[in-house]
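Descriptive structure summary
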Amino acid sequence: MKISTRGRYALRFMIDLAQQDTNEYTALKDVSKRQGISVKYLEQITTLLSKFGLLISVRGPQGGYKLARKPEDYSVGEILRITEGDLAPVACLAQETNTCPIHNKCHTISFWQEFDNIINTYVDSKTLADLANSSPSS
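The present account deals with the structure reproduced in this document. (Residues numbered from 1 in each chain as written. Predicted model: local features only at pLDDT ≥ 70, side-chain atom pairs only at ≥ 80, totals over all residues. Heavy atoms only, no water.)

Between its terminal C-alpha atoms helix α1 (residues 5-20) stretches 22 Å, which fits the 22 Å expected from 16 residues at 1.5 Å a residue. Listed as buried for α1 are Gly 7, Tyr 9, Ala 10, Leu 11, Phe 13, Met 14, Ile 15, Asp 16, Leu 17 and Ala 18. Looking at the buried positions of α1, the neighbouring elements they touch are α2 (28-35), α3 (39-51), β1 (55-58), β2 (64-67), α4 (76-84) and α6 (128-133). (Helix = DSSP H or I, 4+ residues; strand = E, 2+ residues; numbered from the N terminus. Expected span 1.5 Å × (residues − 1). Buried < 20%, exposed > 50% of the residue type's maximum accessible area, 1.4 Å probe, protein only. Contact = heavy atoms within 4.5 Å.)

Take a look at the structure:
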């Protein structure tokens with residue numbers, strides 16, 4: 001599994017908003033400058049995040065974006081699933097019901113299921129606040 005640029009940039013965008021710690025709206029151009037992400041790319045990401053209710057947006061000169069909830073109320077998993085889709089490491093686990101014709105005979109299915117569980121448990125255990133309050137690695 002590889003997280004795309006969209007997923008990584010969405011996390012950076014959301015962390016940036018969380019670190020602003022204000023009730024005011026933040027302009028995309030400001031986040032763009034701080035994060036080194038083009039405004040065009042951020043527009044695509046914010047459209048998706050707004051559609052799923054993670055952001056509140058206002059148009060106009062005093063407009064911009066802010067978090068719809070407190071940073072501790074967002075899991076990293078929630079943000080990644082919106083931007084990446086399912087986080088399953090193999091296609092047969094991407095659906096709620098495994099429809100693979102050989103899954104009952106598959107010697108690796110239990111490995112993939114356990115790996116999938118570890119991934120989801122980990123990303124769901126981390127919050128936006130955790131990331132926003134962490135120190136960058138050197």
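Our next topic: the pattern of salt bridges. Taken as a whole and judged by the stated rule, the model has three salt bridges. Among the salt bridges present, the one from Arg 34 reaches Asp 16, with a minimum N-O distance of 2.7 Å. Taken as a pair, Arg 34 in helix α2 and Asp 16 in helix α1 lie far apart in primary sequence, 18 residues in all. Using a relative accessible area of 40% as the deciding quantity, one classes Arg 34 as partly exposed. Overall, the relative accessible area of 2% leaves Asp 16 in the buried class. The partner of Asp 124 in a salt bridge is Arg 81, with the nearest N and O atoms 2.9 Å apart. Residue Asp 124 is located in helix α5 (residues 109-125), and its partner Arg 81 is located in helix α4; the two are separated by 43 residues in the primary sequence. (Salt bridge = Lys/Arg side-chain N within 4 Å of Asp/Glu carboxyl O.)

Before going further, it helps to examine the state of the cysteines. Under the criterion given, the structure shown has zero disulfides. The structure places no disulfide on Cys 92, whose sulfur is separated from the nearest cysteine sulfur, that of Cys 100, by 5.3 Å. A relative accessible area of 25% places Cys 100 in the partly exposed class. (Disulfide = S-S within 2.5 Å.)

Across all of its chains, the model carries five aromatic pairs by this definition. Between the aromatic rings of Trp 112 and Phe 115, the centroid separation amounts to 6.3 Å while the plane-to-plane angle is 55 degrees, which identifies the pairing as tilted. Residue Trp 112 and its partner Phe 115 are both found in helix α5; the two are separated by three residues, about one turn of the helix. Chaining the aromatic ring pairs together yields one cluster made of Phe 111, Trp 112 and Phe 115. It is Arg 69 that lies over the ring of Tyr 74; its NZ or CZ is 4.2 Å from the centre. (Phe/Tyr/Trp six-rings, centres within 6.5 Å; stacked < 30°, edge-to-face > 60°. Lys NZ or Arg CZ within 6 Å of the ring centre and 35° of its normal.)

Bringing the environment of Ser 110 into the picture now. Position of Ser 110 among the secondary structure elements: in helix α5. Ser 110 sits in the partly exposed class, given a relative accessible area of 47%. For the pair Ser 110 and Gln 62, spaced 48 residues apart in the sequence, the C-alpha separation amounts to 52 Å.

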